[in-house]
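Structural description and commentary
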Amino acid sequence: MLSLVERTGQDAESRTALLCFLEINAPERERLAGLRRFFEDIADNMMEEFYEYLLRHEQTAAFLQDPALVERLKKAQRRHFIELADCCDSEEYFEARLKVGMAHAGVGLRPEYYLGAYSSQLAYVSASASRRFADDDPTELEANLRVVTKVITLDICLATEAYIYGGYVEKSLSEAHQAAAIRAREALAEKEQEERRKEELLRMVVHDIRSPVTAIMAASRAALRRYKDPAEPPGRQFALIEESGKNVLNIIDEILNVAGQATGDMPINALPFDLAVLLQDCVAELRPYAEHTDHFVELSCPGSLPVSWLDPLLVRRVVSNLLVNAFRHTPAGCRVEIFAGPLAAATAGGQVAGSETAMTDGVLIRVADNGSGVSARVEKRIFEGEATGVLKTEGASLTTGLGLPFCRLACERLGGSIKLTRQGGLGACFVIEFPAG
Ligand code: HEM
């Protein structure tokens, strides 16, 4: 292991150069040797005063809680102080002084408090020297004070070197980085926990809304049985209540599904089913809605569709979402076409503009309308989820804005994809591709 003299680069040349710079030359060294007796005489009291001073300040007192340690240090430091009289450019002298600096860096004493404490020693030595040499020639006192200041300054220089090259700086930096990393991790964990709490709360609230809405729908259904004609009041009002209730339940499902998908807990219930039949049912169920909003719906499933092994409920909800979306966002009188077919045939037959899929044996569903289409700005973000649960009102209809994000998540969860294309610049055209089961 390298000595401190080696680590700090204090070779013979540097040591001589440093003493030369501080002007601790032969006459000064001789004077120092002559001051040994003075050092020995003042050392005990100086140590007492020094440790009283260190114990008065919390930054240093924290290191000196053990009285036995303090007694040991007084002795070590007394020796160290008297050895100032031996100052020379030897490797041993420099190594010993560097070691003391290193010992303080090792216990984690901040350099400013270590170096700052020298002021107390300097003050004590100069006051003592002024008294001791009061009767001497004043130039003698001045020369003594000068040389003591220089040799203590040498200690300060070497202690600083020890702090810099002894690893204190790296250690402090790495501790600061570690502390910052811990703080960042804690902040992240706290944020995640907050998100989880919010999500949990959202789910609870949304779940709680489901029961009263279901009750309202049951009541309106019962009323509908009494007032059968949905075209005449109050049957019409009850039909509307039921329709709105369905919408609210859909919104609840969207929120729960998007929240569930985001946390990866949306179960998939894969079953074989006939896609053509599923689409027919879906269209049949939504036809009254389409009539209510004055839209035409047309379904075509040319050729035979492969038997699907997807989650029929999810597929149905995706398609329903797209249809309802089209009814909501296109003007009355528009036409909504839904097409489904084997992917390979649809791609080859040009049924799908812009299909980029690598799948060849899947199924393709296309929901297209002849409305005014989607602006480029909206198109870019159309499948992005708003923050879960943020409700926004669009015209008269209440929507979470989560319908399309839900469709994307569900399609991806089923191993497929969804995208929005334009058909010859007219309307919006959603293209879904699912793998064959
Ligand atoms: C001002 C100049 C100082 C000098 C000349 C000095 C001198 C010494 C000496 C000679 C040792 C023994 C080193 C060894 O050989 O193990 C030592 C150790 C120690 N000093 Fe100082 N000291 C000074 C300032 C301080 C200050 C401000 C504190 C703050 C509390 C302090 C706390 C300690 C401690 C805790 C040790 C033991 C280190 C260890 O366990 O290795 N010293 N000091």
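Notes on the structure follow. (Residues numbered from 1 in each chain as written. Predicted model: local features only at pLDDT ≥ 70, side-chain atom pairs only at ≥ 80, totals over all residues.)

1. Things to note about the pairing of strand 4 (residues 335–342)
The side chains of a regular strand alternate, first on one face of the sheet and then on the other. The test is simple: Three exposure classes are used. Buried residues have 20 or more other C-beta atoms within 10 Å of their own C-beta, exposed residues have 12 or fewer, and partly exposed residues fall in between, all C-beta atoms being placed from the backbone. A run of H or I in DSSP becomes a helix once it reaches four residues, and a run of E becomes a strand once it reaches two; helices and strands are each numbered from the N terminus. Being paired, for any two strands, means DSSP has found at least two bridges between them.
By the criterion of burial, strand 4 is predominantly enclosed, with six of the eight residues buried. In terms of strand pairing, strand 2 (residues 296–300) meets strand 4 through five bridges, oriented parallel. By the bridge assignment, Phe296 is partnered in strand 4 with Arg335. Bridge count for strand 4 against strand 5 (residues 363–369) is seven bridges, and the pairing is antiparallel. Residue Ile338 lies in a different strand from strand 5, and its bridge partner there is Val367.

2. Focus: unusual backbone geometry
Despite not being glycine, Glu23 has its phi angle at roughly 55 degrees, a positive value. Tracing the backbone shows Glu23 in the loop between helix 2 (12–21) and helix 3 (26–34). Residue class for Glu23 comes out exposed when judged on the 11 C-beta atoms lying within 10 Å of it. Even without glycine at this site, Asp294 takes up a positive phi of about 65 degrees.

3. Structural notes on helix 17 (residues 403–413)
Most of helix 17 is tucked away, with nine of its 11 residues classed as buried. Among the residues of helix 17, Gly403, Leu404, Pro405, Phe406, Cys407, Arg408, Leu409, Ala410 and Cys411 are the ones counted as buried.

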